[in-house]
Amino acid sequence: MPTTPAINVSRLTKRYGQVLAVDDISFQVQAGELVGFLGPNGAGKSTTMRILTTFLPASSGYAWVAGFDVMYQSMEVRERIGYLPESVPLYPEMRVSEYLGYRARLKGVPRAGRVARLDDLMALCRIKEVRTRLLGTLSKGYRQRVGLADAMLADPPVLILDEPTTGLDPIQIGQTLETIRGLAGRHTVLLSTHILPEVERVCERVVIINKGRIRFDDTLRSIAGREPVLQVEVRGPGEQVGAFLRDQPEVAAITANPAGEGLTAFEVRTRDRRDLREALAARLASKGWGVRRLDLKRHSLEEVYTDVVLRQEEAAAREPEAISVA
Ligand SMILES: Nc1ncnc2c1ncn2[C@@H]1O[C@H](COP(=O)(O)OP(=O)(O)OP(=O)(O)O)[C@@H](O)[C@H]1O
Ligand SMILES: [Mg+2]
(Lines give C-alpha, C1' and ligand atoms only; values in the text may rest on other atoms or scores of the structure.)
(Ligands and ions follow the chains in the order given, each with its own letter.)
Protein backbone atom coordinates (compact mmCIF):
# COMPACT_ATOMS: atom_id res chain seq x y z
CA MET A 1 0.00 0.00 0.00
CA PRO A 2 1.53 3.37 -0.94
CA THR A 3 2.14 5.53 2.10
CA THR A 4 1.34 9.24 2.22
CA PRO A 5 4.49 11.34 1.82
CA ALA A 6 5.40 13.26 4.96
CA ILE A 7 5.86 16.37 2.83
CA ASN A 8 4.13 16.77 -0.48
CA VAL A 9 4.57 19.95 -2.49
CA SER A 10 2.65 20.38 -5.69
CA ARG A 11 3.03 23.25 -8.15
CA LEU A 12 3.70 25.68 -5.33
CA THR A 13 4.26 29.31 -6.26
CA LYS A 14 4.96 32.35 -4.10
CA ARG A 15 5.18 35.92 -5.27
CA TYR A 16 6.18 38.84 -3.10
CA GLY A 17 4.78 41.66 -5.26
CA GLN A 18 6.96 41.61 -8.35
CA VAL A 19 9.39 39.04 -6.92
CA LEU A 20 8.69 35.47 -7.96
CA ALA A 21 10.35 33.71 -5.02
CA VAL A 22 9.02 30.19 -5.61
CA ASP A 23 8.05 29.24 -9.12
CA ASP A 24 5.80 26.23 -9.59
CA ILE A 25 7.78 23.71 -7.55
CA SER A 26 6.86 20.11 -6.76
CA PHE A 27 8.67 17.60 -4.62
CA GLN A 28 7.96 14.99 -1.99
CA VAL A 29 9.68 13.79 1.13
CA GLN A 30 8.79 10.31 2.34
CA ALA A 31 8.26 9.52 6.01
CA GLY A 32 11.58 8.99 7.78
CA GLU A 33 13.68 10.61 5.06
CA LEU A 34 16.32 13.23 5.80
CA VAL A 35 16.48 15.58 2.84
CA GLY A 36 18.86 18.47 2.26
CA PHE A 37 17.28 21.53 0.69
CA LEU A 38 20.00 23.44 -1.10
CA GLY A 39 20.31 26.50 -3.23
CA PRO A 40 22.10 29.83 -3.44
CA ASN A 41 21.04 32.90 -1.49
CA GLY A 42 17.61 34.05 -2.52
CA ALA A 43 16.78 30.73 -4.18
CA GLY A 44 13.50 30.31 -2.31
CA LYS A 45 14.41 27.82 0.43
CA SER A 46 13.16 29.81 3.42
CA THR A 47 10.07 30.90 1.53
CA THR A 48 9.20 27.26 0.79
CA MET A 49 9.84 26.32 4.41
CA ARG A 50 7.67 29.15 5.70
CA ILE A 51 4.84 27.97 3.49
CA LEU A 52 5.29 24.37 4.66
CA THR A 53 5.16 25.49 8.25
CA THR A 54 2.00 27.58 7.62
CA PHE A 55 3.68 30.89 8.42
CA LEU A 56 3.24 32.18 4.90
CA PRO A 57 0.41 31.62 2.44
CA ALA A 58 1.33 30.39 -1.03
CA SER A 59 0.25 32.40 -4.07
CA SER A 60 -0.85 29.19 -5.79
CA GLY A 61 -0.31 25.46 -5.64
CA TYR A 62 -0.59 23.05 -2.75
CA ALA A 63 1.46 21.60 0.06
CA TRP A 64 0.60 18.88 2.53
CA VAL A 65 2.53 18.01 5.65
CA ALA A 66 1.79 14.69 7.34
CA GLY A 67 -1.19 14.46 5.01
CA PHE A 68 -2.70 17.82 6.00
CA ASP A 69 -3.11 20.83 3.75
CA VAL A 70 -0.92 23.68 4.97
CA MET A 71 -3.48 26.25 3.89
CA TYR A 72 -6.74 24.74 5.08
CA GLN A 73 -5.57 22.50 7.93
CA SER A 74 -2.88 24.69 9.40
CA MET A 75 -3.61 23.67 13.01
CA GLU A 76 -3.19 19.99 12.20
CA VAL A 77 0.03 20.79 10.34
CA ARG A 78 1.40 22.87 13.20
CA GLU A 79 0.75 20.06 15.64
CA ARG A 80 2.91 17.75 13.58
CA ILE A 81 5.90 19.90 12.71
CA GLY A 82 8.89 21.30 14.46
CA TYR A 83 10.27 24.39 12.77
CA LEU A 84 13.61 26.03 13.25
CA PRO A 85 13.28 29.33 11.39
CA GLU A 86 16.17 31.15 9.76
CA SER A 87 16.34 33.66 12.59
CA VAL A 88 15.05 32.25 15.82
CA PRO A 89 12.48 34.60 17.37
CA LEU A 90 13.09 34.46 21.09
CA TYR A 91 11.76 36.55 23.92
CA PRO A 92 14.86 38.34 25.16
CA GLU A 93 13.57 38.81 28.71
CA MET A 94 12.79 35.12 29.27
CA ARG A 95 15.17 32.56 30.71
CA VAL A 96 15.99 29.50 28.59
CA SER A 97 14.19 26.92 30.75
CA GLU A 98 11.26 29.28 31.28
CA TYR A 99 10.94 29.82 27.53
CA LEU A 100 11.08 26.12 26.70
CA GLY A 101 8.56 25.38 29.47
CA TYR A 102 6.24 28.01 28.00
CA ARG A 103 6.70 26.59 24.50
CA ALA A 104 6.07 23.06 25.80
CA ARG A 105 2.75 24.16 27.32
CA LEU A 106 1.87 25.94 24.08
CA LYS A 107 2.64 22.83 22.09
CA GLY A 108 0.61 20.61 24.38
CA VAL A 109 3.48 18.54 25.72
CA PRO A 110 1.73 16.48 28.46
CA ARG A 111 2.25 17.96 31.89
CA ALA A 112 3.31 14.67 33.43
CA GLY A 113 6.40 14.19 31.32
CA ARG A 114 7.16 17.85 30.68
CA VAL A 115 10.02 18.34 33.11
CA ALA A 116 11.75 15.16 32.03
CA ARG A 117 11.25 16.04 28.36
CA LEU A 118 12.78 19.49 28.88
CA ASP A 119 15.68 17.98 30.72
CA ASP A 120 16.38 15.44 27.99
CA LEU A 121 16.14 18.04 25.27
CA MET A 122 18.38 20.52 27.04
CA ALA A 123 20.94 17.75 27.34
CA LEU A 124 20.52 16.69 23.72
CA CYS A 125 20.87 20.25 22.44
CA ARG A 126 23.63 21.01 24.94
CA ILE A 127 21.97 24.02 26.54
CA LYS A 128 21.83 22.85 30.16
CA GLU A 129 24.63 25.21 31.09
CA VAL A 130 22.61 28.22 29.93
CA ARG A 131 19.23 27.14 31.29
CA THR A 132 18.99 30.09 33.68
CA ARG A 133 20.37 32.67 31.25
CA LEU A 134 18.17 35.35 29.69
CA LEU A 135 17.53 34.58 26.03
CA GLY A 136 18.54 38.12 25.10
CA THR A 137 22.05 37.50 26.41
CA LEU A 138 22.71 34.27 24.52
CA SER A 139 25.30 34.07 21.79
CA LYS A 140 24.11 33.24 18.29
CA GLY A 141 25.10 29.59 18.50
CA TYR A 142 23.25 29.11 21.78
CA ARG A 143 20.16 30.84 20.40
CA GLN A 144 20.29 28.40 17.51
CA ARG A 145 20.54 25.47 19.93
CA VAL A 146 17.56 26.73 21.93
CA GLY A 147 15.69 27.05 18.62
CA LEU A 148 16.48 23.44 17.78
CA ALA A 149 15.31 22.28 21.22
CA ASP A 150 12.11 24.24 20.67
CA ALA A 151 11.57 22.60 17.27
CA MET A 152 11.97 19.15 18.83
CA LEU A 153 9.90 19.81 21.97
CA ALA A 154 6.71 18.00 21.12
CA ASP A 155 8.60 15.21 19.36
CA PRO A 156 6.92 16.10 16.05
CA PRO A 157 7.00 13.60 13.19
CA VAL A 158 8.20 16.27 10.72
CA LEU A 159 11.06 18.71 11.28
CA ILE A 160 11.74 21.67 9.04
CA LEU A 161 15.11 23.13 9.88
CA ASP A 162 16.23 26.30 8.11
CA GLU A 163 20.02 26.40 8.29
CA PRO A 164 20.26 24.65 11.66
CA THR A 165 24.05 24.87 11.88
CA THR A 166 24.46 28.55 10.96
CA GLY A 167 26.39 30.32 13.66
CA LEU A 168 27.57 27.18 15.42
CA ASP A 169 31.21 26.53 16.16
CA PRO A 170 32.82 23.54 14.40
CA ILE A 171 32.37 21.14 17.31
CA GLN A 172 28.76 22.17 17.77
CA ILE A 173 28.16 21.72 14.05
CA GLY A 174 29.35 18.13 14.33
CA GLN A 175 27.24 17.44 17.41
CA THR A 176 24.15 19.11 15.99
CA LEU A 177 24.48 17.10 12.78
CA GLU A 178 24.71 13.93 14.83
CA THR A 179 21.57 14.94 16.69
CA ILE A 180 19.78 15.60 13.42
CA ARG A 181 20.97 12.35 11.91
CA GLY A 182 19.66 10.56 14.97
CA LEU A 183 16.19 11.91 14.15
CA ALA A 184 16.01 10.27 10.72
CA GLY A 185 13.94 7.16 10.44
CA ARG A 186 11.59 8.03 13.26
CA HIS A 187 11.19 11.58 12.01
CA THR A 188 11.10 13.22 8.61
CA VAL A 189 13.59 16.04 8.25
CA LEU A 190 13.90 18.75 5.63
CA LEU A 191 16.94 20.87 6.29
CA SER A 192 18.46 23.74 4.41
CA THR A 193 22.12 24.62 4.49
CA HIS A 194 24.88 26.09 2.37
CA ILE A 195 27.47 23.65 3.60
CA LEU A 196 27.65 20.78 1.16
CA PRO A 197 29.83 18.45 3.24
CA GLU A 198 27.16 18.69 5.96
CA VAL A 199 24.61 17.43 3.52
CA GLU A 200 26.90 14.62 2.42
CA ARG A 201 27.34 13.70 6.04
CA VAL A 202 23.73 13.48 7.14
CA CYS A 203 21.30 13.56 4.25
CA GLU A 204 20.06 10.76 2.07
CA ARG A 205 18.66 12.94 -0.63
CA VAL A 206 19.08 16.47 -1.91
CA VAL A 207 16.70 18.86 -3.55
CA ILE A 208 18.37 21.86 -5.17
CA ILE A 209 16.36 24.99 -5.80
CA ASN A 210 17.62 27.93 -7.81
CA LYS A 211 15.72 31.08 -8.70
CA GLY A 212 12.55 29.56 -7.32
CA ARG A 213 12.66 26.36 -9.36
CA ILE A 214 13.67 22.84 -8.43
CA ARG A 215 16.71 22.01 -10.50
CA PHE A 216 17.77 18.72 -9.00
CA ASP A 217 16.25 16.00 -6.85
CA ASP A 218 18.12 12.77 -6.28
CA THR A 219 19.78 10.63 -3.64
CA LEU A 220 23.42 11.08 -2.66
CA ARG A 221 23.90 7.39 -3.28
CA SER A 222 22.85 7.85 -6.86
CA ILE A 223 25.23 10.83 -7.28
CA ALA A 224 28.16 8.85 -5.90
CA GLY A 225 27.18 5.84 -7.98
CA ARG A 226 27.34 7.68 -11.28
CA GLU A 227 30.12 6.45 -13.49
CA PRO A 228 33.15 8.68 -13.26
CA VAL A 229 34.20 10.67 -16.30
CA LEU A 230 37.74 10.72 -17.60
CA GLN A 231 38.90 14.01 -18.99
CA VAL A 232 41.64 13.45 -21.54
CA GLU A 233 43.48 15.90 -23.76
CA VAL A 234 45.42 14.23 -26.53
CA ARG A 235 47.78 15.59 -29.15
CA GLY A 236 47.12 13.68 -32.35
CA PRO A 237 44.65 13.31 -35.20
CA GLY A 238 41.36 13.98 -33.40
CA GLU A 239 39.17 11.63 -35.36
CA GLN A 240 41.57 8.72 -35.13
CA VAL A 241 42.17 9.26 -31.45
CA GLY A 242 38.40 9.43 -30.92
CA ALA A 243 37.81 6.20 -32.84
CA PHE A 244 40.60 4.52 -30.88
CA LEU A 245 39.17 5.62 -27.54
CA ARG A 246 35.68 4.52 -28.55
CA ASP A 247 37.07 1.08 -29.47
CA GLN A 248 38.49 0.41 -26.03
CA PRO A 249 36.48 -2.38 -24.40
CA GLU A 250 36.00 -0.48 -21.12
CA VAL A 251 34.75 2.68 -22.82
CA ALA A 252 31.00 3.28 -22.96
CA ALA A 253 30.91 6.68 -24.70
CA ILE A 254 33.05 9.66 -25.53
CA THR A 255 32.61 13.29 -26.46
CA ALA A 256 35.32 15.19 -28.35
CA ASN A 257 36.07 18.90 -28.61
CA PRO A 258 38.99 20.44 -30.53
CA ALA A 259 41.21 22.21 -28.00
CA GLY A 260 43.53 24.01 -30.47
CA GLU A 261 47.22 23.45 -31.22
CA GLY A 262 46.56 19.92 -32.48
CA LEU A 263 44.90 18.92 -29.21
CA THR A 264 41.52 17.35 -28.72
CA ALA A 265 39.71 17.26 -25.38
CA PHE A 266 37.74 14.09 -24.73
CA GLU A 267 35.33 13.16 -22.02
CA VAL A 268 35.39 9.43 -21.67
CA ARG A 269 32.66 7.52 -19.85
CA THR A 270 33.57 4.01 -18.82
CA ARG A 271 31.39 0.94 -18.47
CA ASP A 272 32.21 0.48 -14.82
CA ARG A 273 33.76 2.48 -12.03
CA ARG A 274 37.32 1.31 -12.66
CA ASP A 275 40.00 3.97 -12.88
CA LEU A 276 41.31 3.62 -16.44
CA ARG A 277 43.81 6.45 -16.31
CA GLU A 278 47.04 4.50 -16.38
CA ALA A 279 45.82 1.93 -18.90
CA LEU A 280 44.58 4.64 -21.25
CA ALA A 281 47.75 6.70 -20.92
CA ALA A 282 49.84 3.66 -21.85
CA ARG A 283 47.63 2.76 -24.78
CA LEU A 284 47.61 6.30 -26.16
CA ALA A 285 51.38 6.56 -25.75
CA SER A 286 51.85 3.29 -27.61
CA LYS A 287 50.08 4.91 -30.58
CA GLY A 288 52.54 7.79 -30.40
CA TRP A 289 49.95 10.32 -29.24
CA GLY A 290 50.83 12.71 -26.48
CA VAL A 291 48.60 12.95 -23.42
CA ARG A 292 48.55 16.46 -22.04
CA ARG A 293 45.86 15.97 -19.46
CA LEU A 294 44.23 12.99 -17.82
CA ASP A 295 41.83 13.52 -14.93
CA LEU A 296 39.25 11.37 -13.28
CA LYS A 297 36.21 13.38 -12.42
CA ARG A 298 34.07 11.65 -9.82
CA HIS A 299 30.63 13.00 -9.23
CA SER A 300 30.35 14.80 -5.94
CA LEU A 301 27.52 16.84 -4.52
CA GLU A 302 29.66 19.92 -5.03
CA GLU A 303 30.03 19.15 -8.71
CA VAL A 304 26.31 18.56 -9.10
CA TYR A 305 25.52 21.74 -7.18
CA THR A 306 27.95 23.87 -9.15
CA ASP A 307 26.68 22.42 -12.37
CA VAL A 308 23.04 22.99 -11.48
CA VAL A 309 23.54 26.53 -10.19
CA LEU A 310 26.19 27.86 -12.57
CA ARG A 311 24.66 26.41 -15.69
CA GLN A 312 21.56 28.37 -14.93
CA GLU A 313 23.46 31.52 -14.07
CA GLU A 314 25.24 31.27 -17.39
CA ALA A 315 21.99 30.74 -19.22
CA ALA A 316 20.57 33.80 -17.46
CA ALA A 317 23.66 35.83 -18.35
CA ARG A 318 23.20 34.95 -22.00
CA GLU A 319 19.54 35.92 -21.98
CA PRO A 320 19.80 39.73 -22.18
CA GLU A 321 22.16 39.33 -25.12
CA ALA A 322 19.62 37.17 -26.92
CA ILE A 323 16.99 39.81 -26.28
CA SER A 324 19.16 42.65 -27.57
CA VAL A 325 19.99 40.66 -30.72
CA ALA A 326 16.32 39.97 -31.44
N1 LIG B 1 9.16 39.38 2.74
C2 LIG B 1 9.66 39.47 1.51
N3 LIG B 1 9.33 40.45 0.67
C4 LIG B 1 9.82 40.55 -0.59
N5 LIG B 1 10.69 39.66 -1.11
C6 LIG B 1 11.08 38.65 -0.31
C7 LIG B 1 10.60 38.48 1.03
N8 LIG B 1 11.17 37.39 1.57
C9 LIG B 1 11.96 36.87 0.62
N10 LIG B 1 11.92 37.63 -0.51
C11 LIG B 1 12.62 37.35 -1.78
O12 LIG B 1 12.27 36.05 -2.21
C13 LIG B 1 13.38 35.40 -2.77
C14 LIG B 1 13.61 34.08 -2.04
O15 LIG B 1 14.02 34.36 -0.71
P16 LIG B 1 14.29 33.23 0.37
O17 LIG B 1 14.48 33.91 1.66
O18 LIG B 1 13.23 32.21 0.26
O19 LIG B 1 15.66 32.62 -0.17
P20 LIG B 1 16.64 31.55 0.50
O21 LIG B 1 16.80 30.47 -0.50
O22 LIG B 1 16.15 31.18 1.82
O23 LIG B 1 18.00 32.37 0.59
P24 LIG B 1 19.18 32.37 1.71
O25 LIG B 1 20.09 31.25 1.33
O26 LIG B 1 19.84 33.68 1.51
O27 LIG B 1 18.55 32.21 3.06
C28 LIG B 1 14.52 36.37 -2.69
O29 LIG B 1 14.60 37.05 -3.92
C30 LIG B 1 14.10 37.32 -1.59
O31 LIG B 1 14.67 38.58 -1.77
MG1 LIG C 1 16.90 31.36 3.67
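How each quantity is defined
Throughout, a residue's number is its position along its own chain's written sequence, starting from 1. As a convention, the first chain written is A and the first ligand written is 1, with the rest following in written order. Local features in this predicted model are restricted to residues whose pLDDT is 70 or higher, and side-chain atom pairs enter the listing and the counts only when it is 80 or higher, whereas totals over whole chains, interfaces and linings include all residues. What marks off one domain from the next here is an automatic or database domain assignment. A helix here means a DSSP run of H or I that spans at least four residues, while a strand means a run of E at least two residues long, and both kinds are numbered starting from the N terminus. Around each residue's C-beta, the other C-beta atoms within 10 Å are counted; 20 or more make the residue buried, 12 or fewer make it exposed, and counts in between make it partly exposed. All C-beta atoms are placed from the backbone. Here, any two strands with at least 2 DSSP bridges between them count as paired. Helix axes use the C-alpha atoms of the stretch in contact, all axes being lines fitted to C-alpha atoms, and the angles between their N-to-C directions lie in the range 0 to 180 degrees. Here, residues touch in the contact sense if the C-beta positions derived from the backbone fall within 7 Å of one another. Each residue receives a C-beta atom built from its backbone; the residue is near a molecule or strand if that atom lies within 6 Å of it. Ten residue types, Ala, Val, Leu, Ile, Met, Phe, Trp, Tyr, Cys and Pro, are classed as nonpolar, four, Asp, Glu, Lys and Arg, as charged, and the remainder, Gly among them, as polar. One nonpolar core equals one set of buried Ala, Val, Leu, Ile, Met, Phe, Trp, Tyr and Cys residues connected by C-beta atoms within 7 Å.

### As for the domain arrangement of the chain
One can read the domain layout of the chain as domain 1 (7-224) and domain 2 (229-297). Taking only C-alpha atoms, the centre of domain 1 and the centre of domain 2 are 46 Å apart.

### Concerning the environment of R186
Along the polypeptide, R186 turns up in the loop between α6 (170-183) and β8 (188-192). You can call R186 exposed: it has 10 C-beta atoms within 10 Å. For the pair R186 and E33, spaced 153 residues apart in sequence, the C-alpha separation works out to 8.8 Å.

### Topic: the sheet that holds strand β14 (residues 290-297)
Taken in spatial order, the four strands make up an open sheet running β12-β13-β11-β14, and their pairing is antiparallel. The strands lining the two open edges of the sheet, one partner per strand, are β12 (251-260) and β14. Across the sheet, the mean angle separating the axes of adjacent strands is 20 degrees when strand polarity is ignored. In the sheet, strand β11 (residues 229-235) pairs with strand β13 (residues 263-270) via seven bridges, with the strands oriented antiparallel. The partner of R235 across the bridge, within β13, is L263. Where helix α9 (residues 238-247) meets the sheet, its contacts fall on β11, β12 and β13, and the angle it forms with β12 comes to roughly 160 degrees. Across the sheet, helix α10 (residues 277-286) lies against β11 and β14, angled at about 165 degrees from β14, the strand it touches most.

### Considerations on the pairing of β11
For β11 and β14, the ladder comprises seven bridges, and the chain directions are antiparallel. Of the residues in β14, the one forming a bridge with R235 is G290.

### Observations regarding the site of ligand 1
Every residue lining ligand 1 is accounted for by Y16, V19, A21, G39, N41, G42, A43, G44, K45, S46, T47 and E86. The set of elements that each furnish at least two residues to the shell around ligand 1 consists of β2 (19-29) and α1 (45-52). For the shell around ligand 1, a count of residues per class yields four nonpolar, six polar and two charged.

### Remarks on the sheet that holds β2
Taken in spatial order, the four strands make up an open sheet running β2-β1-β4-β5, and their pairing is antiparallel. For this open sheet the edge positions go to β2 and β5 (68-69), each flanked by a neighbour on one side alone. Relative to β2, strand β1 (residues 7-16) runs antiparallel, the two being bridged by seven bridges. Looking at the pairing, L12 lines up with I25 of β2.

### Notes on the nonpolar core
Membership of the largest hydrophobic core comes to 68 residues, with the highest contact counts inside it found for A63, V65, A149 and I160. No other element matches the six residues that helix α5 (residues 140-152) contributes to this core. Listed in part, the eleven residues of the second largest apolar core include V229, L230, L245 and L284.

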